[in-house]
Structure formats: C-alpha cells, structure tokens
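Chains, contacts and geometry: an overview
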Amino acid sequence: MNSTPETRSWLIRRVHLATMADATGWGECRDAAVAVQDGRIAWVGPAARVPAPHRALPEFDAEGRWLTPGLIDCHTHLVWAGSRAAEIELRWQGARYEDIARAGGGIVSTVRATRQATLDELIAAATPRLRTLMAEGVTTVEIKSGYGLELAAERRMLQAARRLGEREGVTVRTTFLGAHALPPEFQGRADDYIDLVCGEMLPTLHREGWIDAVDAFCEGIGFTPEQTRRVFQAAAQRGLPVKLHADQLSDLGGAQLAADHRALSADHLECTNETSVRAMAAAGTVAVLLPGAFYCLRETRLPPVQALREHGVPMALATDCNPGTSPCTSLLLMLHMGCTFFGLTPAEALAGVTRHAARALGLQDEVGRIATGLRADLALWDIDHPRDLACQFGHRPLAACWRGGRLDLAR
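Residues numbered from 1 in each chain as written. Predicted model: local features only at pLDDT ≥ 70, side-chain atom pairs only at ≥ 80, totals over all residues. Heavy atoms only, no water.

Next up on the list: the packing of aromatic side chains. Aromatic ring pairs are reported here in terms of the distance separating the ring centres and the angle at which the planes meet. Taken as a whole and assessed by the stated rule, the structure comprises 7 aromatic pairs. Arranged with centres 6.1 Å apart and planes meeting at 25°, the rings of Tyr193 and Phe223 form a pair that is stacked. With Tyr193 in helix α6 (residues 190-207) and Phe223 in the loop between β8 (213-218) and α7 (225-237), the pair connects residues that are 30 residues apart, well separated along the chain. In this structure Tyr193 comes out as buried when scored by relative accessible area, which is 0%. Exposure remark for Phe223: the relative accessible area of 1% places this residue in the buried category. Among the aromatic residues, those joined into a cluster by ring pairs are Phe294, Tyr295, Phe341 and Phe342. In this structure, Arg129 is placed above the aromatic ring of Trp80, and the distance from its NZ or CZ to the ring centre is 3.5 Å. (Phe/Tyr/Trp six-rings, centres within 6.5 Å; stacked < 30°, edge-to-face > 60°. Helix = DSSP H or I, 4+ residues; strand = E, 2+ residues; numbered from the N terminus. Buried < 20%, exposed > 50% of the residue type's maximum accessible area, 1.4 Å probe, protein only. Lys NZ or Arg CZ within 6 Å of the ring centre and 35° of its normal.)

So, in structure tokens, the structure goes:
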C-alpha cells in the first residue's frame, strides 16, 4: 500500500464484491478489483481485467475480504442532551410509552435538557454515538432535529449535526423535525405551534441553509394528519423533500399521507394498512423499518413486510438512535433484528442499509451501491460471506472503510 492519509485514488485488489447493484440479491463479483479516482468509483470488474490507466494507482490488497457499499443509517436522532434511562426502567415495570409522554416525559423530557445544552455540549455528547456507528462501516448518516422545539435550539441541533459530519469525515444529511412533539409552552395550542413551525422555524432554518429534508411525527401523541399536511405544504413551497414518522402506534393514514406528498420515506409503519402500502409503491416512497424501537417498546404488531414485498416498496433499515425508544448505535444489530423480528432475508437487510437507505435520503445517485460514477464510500469486512453481517450480532468485522475515497483502517 503506497499512499498518504489524503489519498483519494486507489486500486483495491484481491477482493470479493457485494455491489448491491442487483435489485434481487447481493450483486456478487468474486476475485474482483475496484478502481477509485479522486474519491469516485472509476471502474469495477474482474481483477484480471483492470484497464491499463488504473494499474498505476496506489494499490490496496484486500486479501480476499468482502467489500460492500459503505453502510447508511437513514433515520437517527443522534444529537440530544440528557438521559431517559429512568423512563426506560418505568416501561420495564409496565408503564406505557403513551402514558409517560402525556405525563410530561418522553420526547419533552429530552427537550428540556437539549434546550439547556450549548452547541459544544451537543457535539461532545453526540460524537461517541457517531464514532460507534462509523466503527461498523457507516459512511452516511441522517440526523434529525426535534428536541429543541424552538428556533434557537433547533438551529443548534442542526448546526451540531453538520459540524459532526465535517469533523468526523462522514456524510450527514440534516432533517428538520420541528413537528416532533408539542412543547410545554404550547400545551393545548397545537395549531399555534404548527403556525410557528411553518411560519418562522422552517423558513428561517431553510434560508440559513441548515435543512436537507423535513419530517414530522403523525401520531395520536404527536400531530394530526391535517397539521402534518401543513408542514409538508410549507416544505414543498421551499422545494424541500419530506419524510414521515408514520403509523407507529396507530393507523392515522400516515403512510398514505406520505405517499400523497411523494415523501422520500415513511418510517416505522407497524400499523400501516395495505391500501397505504399500494400508495407508497405508486409514489416511490421508501419504507424505513426500525426494529430497535420495535424491540425497545416491546411492540407485538409487525410492519406489513410481505405486503411491502408484494407491491415492490423498497425497505430500508435504520437504528432510530434516540434516548428513549431506541438507544442503539449498532446498525449491524439492526440487520440481525430486521431478519429475526421482521422476517427479512440477509440480502434484503443489507440492501436496507445500502441501496434502499440511500434512496430514503434522496442519495441513490451518489451512494449505496458499488458502481461506476458513485462516491467511493466502501466498507471492507473480515467475513466468509455478506450474509454474515446479518446472521451474527455483537461482532465488529470491519477491516477498513473508504469515505469519499479516503481510507480509514479499522482499529
């Protein structure tokens, strides 16, 4: 290996590929090579056929390991302050999530701590979470706001997310989730709060350049479909794509609403009906499944995986990393849970954190596959086959990672 830390051009040799470019499987290519030029994938194919111009690139000997696209965590709440461990203990003792939220716990308790935190404190708290994800091959992560619920605090969360990406060398997509919960000062005045979200917070944060997408929590303990629709309309006026926390605890038609607005994704979906699934298929909306929250809340109703399959809805997986209902920083564990709880195949699970996760962020032309022209976000694994990534858990088989062509050897 002849390189410097800033090298962004490589010839990766003696490698097996799971390109995830095959819509129905792994996209296997054994005894292959990948040429990376200036941070982009320039060529992919059999090792014996490397074009002459790429043979002079600095070589990386993969020693027969498996290379996949870099993993993508397409739904996180990675930036927050405070702890909700006491709330989790209450749930273990039989308290319901909805009851805790209505009593002033849940999201609102995190809001109190996050509003008091400085930008530096938010970054310091989130850095270990992000680094843990990166140690498992994550190269792209979505980070939502939604624990500020006022302009200044929402701005700090989004600023912290962007700063984390810049400092750690990982791609971060920021999602404005101002319609996450009703702040205490607006108790009983949900429509007034949505006025604030749509009339001041969203326009200001978009104008300042902090928003990549807009999300909302459409639920009985969140916001109504009509209030959510207003948020989506405000986003559309500014050309911003939307996503939705939909049908997690009840079927309010959230997935249908997301499809009506051609949302990038509808997330959770435990209570989604087949009519909504058909609407998602027609709209091209990705289903983001969140087994960590399903597990942590001890849910029993499964998302409609078979209906999603039958109607051709892409299924992504994500950690939903958050302090109260999925305090998880292992995307590999989500692969295992997606197969164990939801009945995904290992190939579907890996597609869910690569190809389909990229689509859930609107990045399908940039990342999520090993294909010519895409960004060289790649993960190299000490495994016998890509199915091992889902079939095992509690392991960290990452050998190396490239983010935009820059090599990071696993420690």
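What follows concerns helix α9 (residues 274-283). All buried positions along α9 are accounted for by Ser276, Val277, Ala279, Met280 and Ala283. Viewed along the axis of α9, the buried residues span an arc of 160°, placing them on a single side of the element. The elements touched by buried residues of α9 are α8 (254-260), β10 (265-268), β11 (286-289) and α11 (305-310). For α9, the N-terminal capping position is held by Asn273, with its side-chain oxygen 3.0 Å away from the main-chain nitrogen of Thr275. The positive-phi residue at the C-terminal boundary of α9 is Gly284, with phi of around 75°. (Arc of directions from axis to C-beta. Contact = heavy atoms within 4.5 Å. Polar contact = N/O pair within 3.5 Å; in protein donor to acceptor, adjacent residues only side chain to side chain.)

Looking now at the pattern of salt bridges. Pairing between side chains of opposite charge can happen when the charged atoms of each approach one another. Summed over all chains, the structure comprises 25 salt bridges. A salt bridge links Glu28 to Arg30; the shortest N-O distance between them is 3.5 Å. Using a relative accessible area of 46% as the deciding quantity, one classes Arg30 as partly exposed. We note a salt bridge from Arg167 to Glu168, for which the minimum N-O separation is 3.5 Å. Each of the salt bridges in this network shares a partner with another, and the network as a whole consists of Arg40, Glu366, Arg375 and Asp377. (Salt bridge = Lys/Arg side-chain N within 4 Å of Asp/Glu carboxyl O.)

Here we take up the packing of helix α4 (residues 119-134) against helix α5 (residues 151-168). In contact at an axis separation of 9 Å, α4 and α5 are set at 50° when each is read in the N-to-C sense. Comparing their axes, α5 and α4 come out oblique. When you trace α4 past α5, the crossing you get is right-handed. On α5, the residues that touch Leu119, Leu122, Ile123, Ala126, Thr127, Leu130, Arg131 and Met134 of α4 are Arg156, Met157, Gln159, Ala160, Arg163, Leu164, Arg167 and Glu168. Looking at side-chain class alone, the contact of α4 with α5 contains 9 nonpolar, 2 polar and 5 charged residues. (Axes fitted to C-alpha atoms, helices over the stretch in contact; angles between N-to-C directions. Parallel < 35°, antiparallel > 145°, perpendicular 65-115°, else oblique. Left-handed = near helix turned anticlockwise from the far one by under 90°. Nonpolar A, V, L, I, M, F, W, Y, C, P; charged D, E, K, R; others polar.)

Spatial strand order, β5-β6-β7-β8-β9-β10-β11-β12: 8 strands in an open sheet with parallel pairing. Lying at the two open borders of the sheet, with one neighbouring strand each, are β5 (71-73) and β12 (315-317). Strand after strand, the sheet turns through a mean of 25° between neighbouring axes, direction not considered. Two strands pair when backbone bridges link them, and β8 and strand β9 (residues 243-246) are joined in this way by 2 bridges, in the parallel orientation. Looking at the pairing, Cys218 lines up with Ala246 of β9. (Pairing = 2+ DSSP bridges.)

On to the state of the cysteines. Covalent bonding between the sulfur atoms of two cysteines is what defines a disulfide. For the structure on display, the rule yields 0 disulfides. Free of any disulfide, Cys198 has its nearest neighbouring cysteine sulfur in Cys218, separated by 13 Å. With a relative accessible area of 14%, Cys198 lands in the buried category. With a relative accessible area of 1%, Cys218 lands in the buried category. (Disulfide = S-S within 2.5 Å.)

Note that β9 and β10 share 4 bridges and pair parallel. When the sheet's bridge partners are listed, Ala246 is paired in β10 with His268. In this fold, the crossover linking β9 to β10 by way of α8 has right-handed handedness. Once the chain exits β10 it traverses α9 before rejoining the sheet at β11, and the crossover so formed is right-handed. (Right-handed = clockwise from strand over helix to strand, strands pointing away.)

Scope: geometric values only; no functional claims are made or implied.
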